[in-house]
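Remarks on the overall topology
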Amino acid sequence: MVIMVGAGKIGEAVIGFLEDLGIHMRVIDKDPERCGIISRKYSAAVFHGDATDEELLKIAGAEEADTLVACTDDDNINLKVVKTAKEKFSIPVVIARVNHLSTDQSEFREYADVVLSTGELLTQAIENAILRKSPHILYEDKQSNVIVLKAKVPSSSSLIGTRIKDVVDEDKMSVLLVRDGKVVEIKEDTEIMYGDEFLLAGERNKVSLFISMLLTKS
C-alpha cells in the first residue's frame, strides 16, 4: 500500500499512474477542494489534513504502508513527512519530491530512499522505486506491454495462506513457483507460503496488480 502526500497537479498525475497499475493508495492533502477532486476521480482513500501530523499519518495507515511518497509543493513539508515516515513508522520505501534547485538535498537523503527533482520523470522514477525495490524486473517490453519479473513473498504478505489459483489470472499471466530452491507444480490447493519465489510473465497491469497484493501487509 502506498501513501501519497500531496494531491496537486504532479501528485494527481502519480495517483492516476499508480491506480492504472492496480496499486492500492491512501492520499493526504491539506486542501479540501483537492481532496474532493481526488475522491471523485479515483478509488484511493483520501484524508484531509496536515501530513506532518504523526497521528494523521497513523490514521492513514503509515504503520502498514510499504511506500510513502512526499509530493507536495513545499520542500519543508516534504522533509518533515519523510523524516517522520522513517523515524516513527519505518516505512520500507520513502520517496521525496524536491521542488527547488536551491534546496539542500543532503538532509532529504538521510531519510528518503529516493529523492526526485522536478526535472525528472517522476511517475517513471516512482514506478521503478516501488516495483524494483523488492521484485526484480528481468525483462520489460513497453511497446507490447509485457513484463517478466521475480518476486519473493515477504513474511508480512496478506496473501500467505491464499490459494495461488484464487489470485492469479492465468489467462493474462504465466506463473512459476519456486519453493526451497525447487520448482513446484501449482495445483488447485497450492497455497502461498512465506519465502516462496514467483517468476511472473504477462500483461503489465495484471502482473503489477498481483505484486501489489503480494506486498500488502496482513
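Refer to the structure printed above.
From a predicted model like this one, the values you see are computed outputs, not experimental measurements. (Residues numbered from 1 in each chain as written. Predicted model: local features only at pLDDT ≥ 70, side-chain atom pairs only at ≥ 80, totals over all residues. Heavy atoms only, no water.)

Let's talk about the side chain of Asp66
For the record, the criterion: We count a stretch as a helix when DSSP gives it H or I for four or more residues in a row; a strand needs E for two or more, and each element gets its number in order from the N terminus. Polar contacts here mean pairs of N or O atoms no more than 3.5 Å apart (in protein, one a potential hydrogen donor and the other a potential acceptor; neighbouring residues in sequence count only if both atoms are side-chain atoms).
Relative to the helices and strands, Asp66 is located in the loop between helix H3 (54-59) and strand E4 (67-70). Among the polar contacts made by the side chain of Asp66, one reaches the main-chain amide nitrogen of Met1 at a distance of 2.7 Å.

Remarks on the environment of Met1
The criterion, for reference: Three labels apply to residues, based on accessible area from a 1.4 Å probe with only protein chains included: buried if under 20% of the type maximum, exposed if over 50%, partly exposed otherwise in between.
One can find Met1 in the segment before strand E1 (2-5). When its relative accessible area of 8% is taken as the criterion, Met1 is described as buried. Sequence-wise, Met1 and Met25 are 24 residues apart; in three dimensions their C-alpha atoms are separated by 5.7 Å.

A few points about the sheet that holds strand E10 (residues 182-184)
Short version of the rule: Note on pairing: DSSP must find at least two bridges between two strands before they are called paired. Here the axes come from fitting lines to C-alpha atoms, over the contacting stretch only for helices, and the angles between their N-to-C directions go from 0 to 180 degrees. Note on contacts: a residue pair is in contact if any heavy atoms of the two residues lie within 4.5 Å.
Ordered by their spatial adjacency, 5 strands build an open sheet running E7-E8-E11-E9-E10, and the pairing between neighbours is antiparallel. The open sheet terminates on both sides in strands that have one partner only, identified here as strand E7 (136-141) and E10. Strand after strand, the sheet turns through a mean of 20 degrees between neighbouring axes, direction not considered. Sheet analysis places strand E9 (residues 173-179) next to strand E11 (residues 197-203), joined by 6 bridges and oriented antiparallel. Looking at E11, one finds that Leu176 is bridged to Leu199. Against the sheet, helix H8 (residues 204-215) makes contact with E7, strand E8 (146-152), E9 and E11, and its axis sits at roughly 150 degrees relative to E11, the strand it touches most.

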